[in-house]
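# Notes for the structure review
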Amino acid sequence: MTLRDNIALSRFELDVPGATVVLNYKLADGVMKLVHTETPPAARGRGLASQLVQGALDNARARGLKVVPVCWFVRDYLVKHPYYRALVAV
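A brief look at the structure comes next. Quick caveat, the model's predicted, so the values are computed rather than measured.

## Examining the overall build of the chain
If you tally the helices and strands in the chain, you get two helices and five strands. Listing every helix and strand of the chain by position from the N terminus yields β-β-β-β-α-β-α. Whereas a compact globule of 90 residues would reach a radius of gyration of roughly 12 Å, the chain reaches 12 Å, a difference of no more than 12%. Referenced to the eigenvectors of the C-alpha coordinate spread, the extents of the chain come out at roughly 35 × 30 × 20 Å. Sequence separation of 24 or more characterises 40% of the internal contacts of the chain that already satisfy a separation of 6 or more. Carbon and sulfur atoms make up 56% of the accessible area of the chain, which totals about 5,200 Å². For the chain, the separation between the mean place of its 12 positive charges and that of its 7 negative charges on side chains is 5 Å.

## Notes on the environment of D5
You can see D5 is positioned in strand β1 (residues 3–6). Judged by relative accessible area, D5 falls into the partly exposed class, the value being 24%. Sequence separation between D5 and L23 is 18 residues; the distance between their C-alpha atoms is 9.5 Å. Setting aside residues up to four positions removed in sequence, D5 forms contacts with R11, F12, Y25, N59 and R63. Side chain to side chain, D5 and R63 meet in a polar contact 3.4 Å long.

## Some thoughts on the pattern of salt bridges
Tallying each qualifying case throughout the model produces five salt bridges. Measuring nitrogen to oxygen at the nearest pair gives 2.6 Å for the salt bridge that ties R4 to E13. Given a relative accessible area of 34%, R4 falls into the partly exposed group. Residue E13 is classed as buried on the basis of its relative accessible area, which comes to 4%. Here the residues in one salt-bridge network are R4, R11, E13 and D15, joined through shared partners.

## What to know about the side chain of E13
Inspection of the secondary structure puts E13 in strand β2 (residues 11–16). A polar contact is formed between the side chain of E13 and the side chain of R4, at a distance of 2.6 Å. Excluding residues that lie within four positions of it along the chain, E13 makes contacts with T2, L3, R4, N6, T20, V21, V22 and L52.

Rules used throughout
Residues numbered from 1 in each chain as written. Predicted model: local features only at pLDDT ≥ 70, side-chain atom pairs only at ≥ 80, totals over all residues. Heavy atoms only, no water. Helix = DSSP H or I, 4+ residues; strand = E, 2+ residues; numbered from the N terminus. Rg over C-alpha atoms; globule rule 2.2 N^0.38 Å. Contact = heavy atoms within 4.5 Å. Areas by Shrake-Rupley, 256 points an atom, 1.4 Å probe, with all protein chains shown as cover. Lys, Arg positive; Asp, Glu negative; His and termini not counted. Charge placed at Lys NZ, Arg CZ, Asp CG, Glu CD. Buried < 20%, exposed > 50% of the residue type's maximum accessible area, 1.4 Å probe, protein only. Polar contact = N/O pair within 3.5 Å; in protein donor to acceptor, adjacent residues only side chain to side chain. Salt bridge = Lys/Arg side-chain N within 4 Å of Asp/Glu carboxyl O.

Right, dumping it as structure tokens:
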């Protein structure tokens, strides 16, 4: 599975057989707001949303961006993965 930054739709995508898991974002002034994570029902329970969030956070770090975790799933991920907390905009 390959994480894709679909810039035209402002979302990260992870394709799996029969579904696409997405994380919508808004980018402005060096800050990426992670707005909404969506996993189709057929793809749930496999850790795909977590892989997607990790990839988005790695992407933000590589680009020198700060993040604002608007999405509850992203906020929960950050609680469980302190490695990424330094990315959060204050």
